[in-house]
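Here's the letter readout for the chains.
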Amino acid sequence: PTMKLSVSWRASAAAVVAAATLLTSGSIAGAAPDVEAAAAPDIPVANVKAHLTQLQSIAKANGGNRAHGRPGYKASLDYVKAKLDAAGYTTAIQQFTSGGRTGYNLIADWPGGDTNQVVMAGSHLDSVSSGPGINDNGSGSSAVLETALAVSRAGYQPTKHLRFAWWGAEELGLVGSRYYVNNLSSANRAKISGYLNFDMIGSPNPGYFVYDDDPAIEKTFKDYYAGLGVATEIETEGDGRSDHAPFKSAGVPVGGLFTGASRTKTAAQAAKWGGTSGQSFDRCYHSSCDTTSNINDTALDRNSDAVAYAVWELSE
Ligand code: TRP
Ligand code: CA
Ligand code: ZN
């Protein structure tokens, strides 16, 4: 009889050791394991929300925001970096100057994989100065962080190389991400097989928008949502208004998710997604009420799982 290993066996280092022990001990002699690609894990939304709570505390302790050039930004970056360092990432802080103040990008590489094929996922970590920036963009920042931590927990060793990024000064005009792209050599730029962007993915009156960019990345997100039976629409609320734009301009395939900002949800959208028609997707966009109360947990959960799904699918 052939032994079919479950799709999740590769995700556990202990299971790998156990399987190897079985194989070398000969107790399943002749049975070739049917190794399937590791499935993406379900990202615990409670973990993502715990990061949001920490980001809100950081804002509260630092004048109410996490904006570029303010202490709340660097404290946010230190929080994310400490989690990644403890999980085994190779982290680097990239400094730049904007508006006479120092800004920072955080880049985290997961050791292993083919560094000639890099899959990147990123989010801006800065808020506007008027509020704590929990949906914009604690949501994307926390989902990407929790996905990176899930990679570590799973001991995931994809074929491609994984890199995660948290950008500074997006709210000043995509400054950090543009700085990163401009400072890549053309050889290193060519090694990035895709950049996935997550900016505002837990809007309180959510829509489910997928960027209409690289077809393979777009299909990955649409497949995930099709599996949930949730309809998506193409993102149109200001194409090029987030950190994927510098990558796209440099010829890197890009994609991403978005749950809507100040635009109004239509009756048709409320019919398929629930929520309130005639109201903004995010009434607290760029204001002081963009707190942990300004999050739809279902949207945050679905999109966090979608981040992990895409990272796994596109890197294996
Ligand atoms: N980037 C904008 C911000 O941070 C938000 C935004 C508006 C957006 N339109 C978008 C993000 C479309 C992604 C896609 O304020
Ligand atoms: Ca989940
Ligand atoms: Zn944003």
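Residues numbered from 1 in each chain as written. Chains lettered and ligands numbered in written order. Predicted model: local features only at pLDDT ≥ 70, side-chain atom pairs only at ≥ 80, totals over all residues. Heavy atoms only, no water.

Colleague: Give me the lowdown on the site of ligand 1, citing residues and values where you can.
Modeller: Neighbouring residues of ligand 1: 15 residues in total, closest D199, E237, R241, Y285 and H286. Between ligand 1 and E170 there is a distance of 2.8 Å, counted from a nitrogen atom to a side-chain nitrogen or oxygen. For ligand 1, the protein covers 98% of the area, taking 370 Å² as the surface of the free molecule. Considering only residue class, the shell around ligand 1 consists of 4 nonpolar, 4 polar and 7 charged. (Near = heavy atom within 4 Å. Polar contact = N/O pair within 3.5 Å; in protein donor to acceptor, adjacent residues only side chain to side chain. Areas by Shrake-Rupley, 256 points an atom, 1.4 Å probe, with all protein chains shown as cover. Nonpolar A, V, L, I, M, F, W, Y, C, P; charged D, E, K, R; others polar.)

Colleague: With reference to specific residues and values, describe the coordination of the zinc ion (ligand 3).
Modeller: All of the protein donors around the zinc ion (ligand 3) are H124 (NE2), D136 (OD), D199 (OD) and D199 (OD); their distances to the metal are 1.9 to 2.8 Å. The sequence pattern describing where the donors of the zinc ion (ligand 3) fall on their chain is H-x11-D-x62-D. In this pair, D136 sits in helix α4 (residues 134-154) while D199 sits in the loop between β5 (192-198) and β6 (209-210), placing the two residues 63 residues apart along the sequence. Like D199, D136 is buried. (Donors = N, O, S within 2.8 Å, 3.2 Å for Na, K, Ca; no water. Helix = DSSP H or I, 4+ residues; strand = E, 2+ residues; numbered from the N terminus. Buried < 20%, exposed > 50% of the residue type's maximum accessible area, 1.4 Å probe, protein only.)

Colleague: Please provide a residue-by-residue account of the pattern of salt bridges, values included.
Modeller: One pass over the full model with this rule turns up 9 salt bridges. For K81, the salt bridge identified is with D85, shortest N-O distance 2.8 Å. One end of the pair is K81 and the other is D85, both in helix α3 (residues 71-86) and 4 residues apart, which spans about a single turn. By relative accessible area, which is 33% here, D85 ends up partly exposed. Between K222 and E218 there is a salt bridge; the shortest N-O distance is 2.8 Å. Taken as a pair, K222 and E218 lie in helix α7 (residues 215-228) at a separation of 4 residues, close to a single helical turn. (Salt bridge = Lys/Arg side-chain N within 4 Å of Asp/Glu carboxyl O.)

Colleague: Quick one: what's the story with the state of the cysteines, residue by residue and with numbers?
Modeller: What the rule picks out here adds up to 1 disulfide. Put simply, C284 and C289 are joined by a disulfide, and their sulfur atoms are 2.1 Å apart. When the S-S torsion is -110°, as for the bridge of C284 with C289, the disulfide is left-handed. The class of C284 is buried, set by a relative accessible area of 12%. Look at C289 and you get partly exposed, because its relative accessible area is 35%. (Disulfide = S-S within 2.5 Å.)

Colleague: If you had to explain the confidence of the model for the protein chain to someone new, which residues and values would you point to?
Modeller: Averaged over all residues, the pLDDT of the protein chain equals 91, while 89% of them reach at least 70. Low pLDDT, under 50, characterises residues 1-33; the stretch is placed with 34 contacts to residues that sit more than four places away or in other chains. (pLDDT = per-residue confidence, 0-100. Contact = heavy atoms within 4.5 Å.)

Colleague: Can you break down the packing of aromatic side chains residue by residue, with the values?
Modeller: With the rule as written, the count across this model stands at 17 aromatic pairs. Both rings, one in Y89 and one in W110, keep their centres 4.9 Å apart while their planes meet at 45°; by these two values the pair is tilted. Residue Y89 is located in the loop between α3 and β1 (90-98), and its partner W110 is located in strand β2 (residues 101-110); the two are separated by 21 residues in the primary sequence. Ring centres 6.0 Å apart and planes at 75° place the aromatic pair Y208 and W273 in the edge-to-face group. One end of the pair, Y208, is in the loop between β5 and β6; the other, W273, is in helix α9 (residues 267-273), with 65 residues separating them in the sequence. The exposure class assigned to Y208 is buried, which follows from its relative accessible area of 4%. A relative accessible area of 12% means that W273 is categorised as buried. Chaining the aromatic ring pairs together yields one cluster made of Y208, F209, Y224, Y225, F258, W273, F281 and Y309. One residue, K74, lies across the ring of Y104, its end atom 5.5 Å from the ring centre. Looking at K272, its charged tip hangs above the ring of W273, at a distance of 5.1 Å from the centre. (Phe/Tyr/Trp six-rings, centres within 6.5 Å; stacked < 30°, edge-to-face > 60°. Lys NZ or Arg CZ within 6 Å of the ring centre and 35° of its normal.)

Colleague: How would you explain the environment of T298 if you had to name every residue and give the values?
Modeller: Here T298 shows up in helix α10 (residues 297-315). Exposure remark for T298: the relative accessible area of 41% places this residue in the partly exposed category. In sequence terms T298 and V45 are 253 residues apart; their C-alpha atoms lie 8.7 Å from each other.

Colleague: Describe in detail the nonpolar core, supporting the description with residues and values.
Modeller: Residues F164 and W166 are the most contacted members of the largest nonpolar core, which totals 61 residues. Non-local contacts of W166, meaning those with residues more than four positions away in its chain, are made with Y73, V80, L84, Y104, N105, L106, A108, S123, L125, S141, V144 and L145. Counting 13 residues, the second largest nonpolar core, distinct from the first, contains I107, Y195, V252 and V254. (Core = buried A, V, L, I, M, F, W, Y, C linked by side-chain atoms within 4.5 Å.)

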